[in-house]
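# Understanding the architecture of this molecule
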Amino acid sequence: MLVFFPAPYPDELLYSVCARYRKLTGDSSPKNLLQDLFGKNNVLASVDLPSHIGALVARLPVGSKITAERLVMDHTMYPFYSAFLPPKQARSVLEAMVSGSGKRIYAQAGVMASSIRTSPTFRYCPLCFQEDLKRYGELYWHRMHHIPGWDVCVKHGTWLNNSKVALWQMNKHVFAEPTEEVCPLDQVAYITDSELLSHYRSIGNGIEALLTQRFPHRPLDWFQRHYEARLRQKHYASLVSGKVDQAMLQRDFVQYYRKEFLERLQSSLRGESNWLAMMARKHRKSFHPLRHLLLMNFLGVTLDEMFYQDEQCKPFGDGPWVCLNPAAEHYQQAVVTDLVLSTCEKTREVIGTFSCSCGFVYTRRAGDRDPNKISRVKQYGETWERECLRLANEGFSLREIGRRLHADPKTVKKHIRGKEVKDGRRNSQRERDRIEWLSLQQQHPNLSKTELRKLNPALYARLYRNDRIWLDKHSPETNNKKTRNVRVDWNQRDLEVLAKIQHAASQILESNGKPKRLTVSRIGAIAGVRPLLEKHLDRLPETKQYLEQMVESEEQFRWRKIQWAIEELKRQGEPLQEWKVLRKAGIRKEHAPMELLRQLDSIFIEKAARICYDDLIPLDVWKKERS
């Protein structure tokens, strides 16, 4: 049990607290210090992700309010490294720091795999140290100054200085404290480039938020959805397929940050498969928090939006949307709440259909930046038609009405046709069309509606457009012809289909190149009977039995690919090695069943036995060399 323990300062590393404890006790033996603090003398003096924190808290003086959670969250790099890790992985790192041995902490946190490296020495801001000395009477190592790839004090707008203390001591159990001798306080270098400082402050604010706030841990696909949605909104990705224009994204990204800034943060874009390209695609792994902040800042995504909003692609943004009915009192006001998304069959573009309470329904194409641009008016509505008729009664021309109501003169004419205009006289054209249609039926009483239509297409078109209800009531009734029910000889069809799929299966098995799996869909497609197999396979017993015998499981197909790969390697004169066979077959070792690997290994051992017998090499020696 410790007699005392220093109270941690704001943003102080736990490493620094232990170093101050060593200075206050005057114990020069690292082993004795570790025994006092942790009850063990083999604990490593880790700067960013220390372990055995639970053991340290258990040995604190009676009445101490310091908890393991407080030390981890406020005085280690855990909040920064774990922010973008999946929940299970983040929890595993936390448990390893509190009660584990610390052997797998760096691997689980992704530090080992990251291309962003830490500084070889401790870093500090001279102005921060001057303030610490004035306020606390001593110096301490700040967390914010030891973010990997970070070299700026955002608070004072200065470059961080490299101290004379190595981050990793020759003795891995030593806690080194800062002093004025190893950290000169008179060497201050300000950042003079305002644009560069602005970028540093944007990213620095994000780093500070990750260190001090408690954001929930999310799975990898959570962040992927955010990036996909924002890339679509920023027109870097297709609204339909989601395919990213990598060239445009990387060009604008470098232009926004500048190469100097990205190089300082060890985040330059080199080659096609750089970190930005991988982050814009499907997330199969975690990325460094610094790079998440870079991409989020570029796309305009805040940390609150990233962690608390389940982002979805919104090609037209959030509603309500403007009504574009020029006859409505709320014209160009955001009152539309009904939006339906669809896809154009020809262009595959995303189409939005906006329906207003005034009856006006219009569509817009996703990607059009002008919110007042209409692709098509699907329905004008009663408000628009009433205004159209009012203007017609006041004597305005079709062209003037169209100009006022944003419509074509022909559209205006269509909507006022057949309605009372000016002095209330009904349009005589409709009456003449009705009489002519009835007369046409009297002249040809045996003809159907379709046949009458062919005799006078123009007459039918006018009635269909302007008087459809009357036309339906005063037309010949539809003659529903009954189709003859032709019975199918399913036994005969079964034999015919069986012959076709047998031939198709032979084609697949005998085809050149890499094997293709025998599936019902593939066999049916080649035989030209796929719909029949999908809908009526139960009526084809012989065919069904044959397919059950021929269709391959995944394991059977992998084994056939293995056999093909072995024959191909033999034909090419390549040595038969397990990794070569699996690569040729296109099978990952972790996906190959154990039984298949044992069979494959037996082939190699049998072949090795023959080789060893011929060359007089002991089999166990060959196995050792092979491994």
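Residues numbered from 1 in each chain as written. Predicted model: local features only at pLDDT ≥ 70, side-chain atom pairs only at ≥ 80, totals over all residues. Heavy atoms only, no water.

## With respect to the overall build of the protein chain
- When helices and strands are tallied, the protein chain shows 30 helices and ten strands.
- Here the protein chain holds 627 residues, and 43% of them are scored as buried.
- In the protein chain, the proportion of contacts linking residues at least 24 apart, taken out of those at least 6 apart, comes to 62%.
- Entry remark: accessible area of the protein chain is about 36000 Å², with carbon and sulfur atoms responsible for 48%. (Helix = DSSP H or I, 4+ residues; strand = E, 2+ residues; numbered from the N terminus. Buried < 20%, exposed > 50% of the residue type's maximum accessible area, 1.4 Å probe, protein only. Contact = heavy atoms within 4.5 Å. Areas by Shrake-Rupley, 256 points an atom, 1.4 Å probe, with all protein chains shown as cover.)

## Digging into the packing of helix α16 (residues 381-393) against helix α18 (residues 409-416)
- The contact between α16 and α18 brings their axes to 10 Å, and the two run at 95 degrees. By the angle between their axes, α16 is roughly perpendicular relative to α18. Mapping the contact onto sequence places Trp384, Glu385, Cys388, Leu389 and Ala392 in α16 and Thr411, Val412, His415 and Ile416 in α18.
- Partitioned by chemical class, the residues of the contact of α16 with α18 number six nonpolar, two polar and one charged. (Axes fitted to C-alpha atoms, helices over the stretch in contact; angles between N-to-C directions. Parallel < 35°, antiparallel > 145°, perpendicular 65-115°, else oblique. Nonpolar A, V, L, I, M, F, W, Y, C, P; charged D, E, K, R; others polar.)

## Brief notes about the pattern of salt bridges
- Counted according to the given criterion, the structure contains 28 salt bridges.
- Linking Glu305 and Arg230 is a salt bridge whose minimum nitrogen-to-oxygen distance equals 3.7 Å. Taken together, the residues Glu305 in helix α15 (residues 303-308) and Arg230 in helix α10 (residues 220-233) connect sequence positions 75 residues apart.
- Overlapping salt bridges, with partners in common, bring together Glu12, Arg20, Lys23 and Glu138 in one network. (Salt bridge = Lys/Arg side-chain N within 4 Å of Asp/Glu carboxyl O.)

## What about the nonpolar core?
- Ranked by internal contacts, the top residues of the largest apolar core, which has 98 residues, are Leu49, Trp150 and Ile207.
- Examining the composition of this core, we find that eight residues originate from one element, helix α9 (residues 194-212), more than from any other.
- If you look at the next biggest cluster of nonpolar residues, it comprises 24 residues, including Ala327, Ala366, Tyr380 and Ile401. (Core = buried A, V, L, I, M, F, W, Y, C linked by side-chain atoms within 4.5 Å.)

## What about the environment of Gly157?
- Mapped onto the fold, Gly157 is located in the loop between β2 (152-153) and β3 (158-159).
- As a C-alpha pair, Gly157 and Thr192 span 35 residues in sequence and 8.7 Å in three-dimensional space.
- Excluding its chain neighbours within four sequence positions, the residues that come into contact with Gly157 are Tyr190, Ile191 and Leu197.

## Examining the packing of aromatic side chains
- One pass over the full model with this rule turns up 33 aromatic pairs.
- Between Phe253 and Trp275, the ring centres sit 5.6 Å apart and the planes meet at 80 degrees, which makes this aromatic pair edge-to-face. Here Phe253, found in helix α11 (residues 246-257), pairs with Trp275, found in helix α13 (residues 275-280); they are 22 residues apart in sequence, far enough to count as distant. Comparing Phe253 with Trp275, the two get one shared label, buried. (Phe/Tyr/Trp six-rings, centres within 6.5 Å; stacked < 30°, edge-to-face > 60°.)

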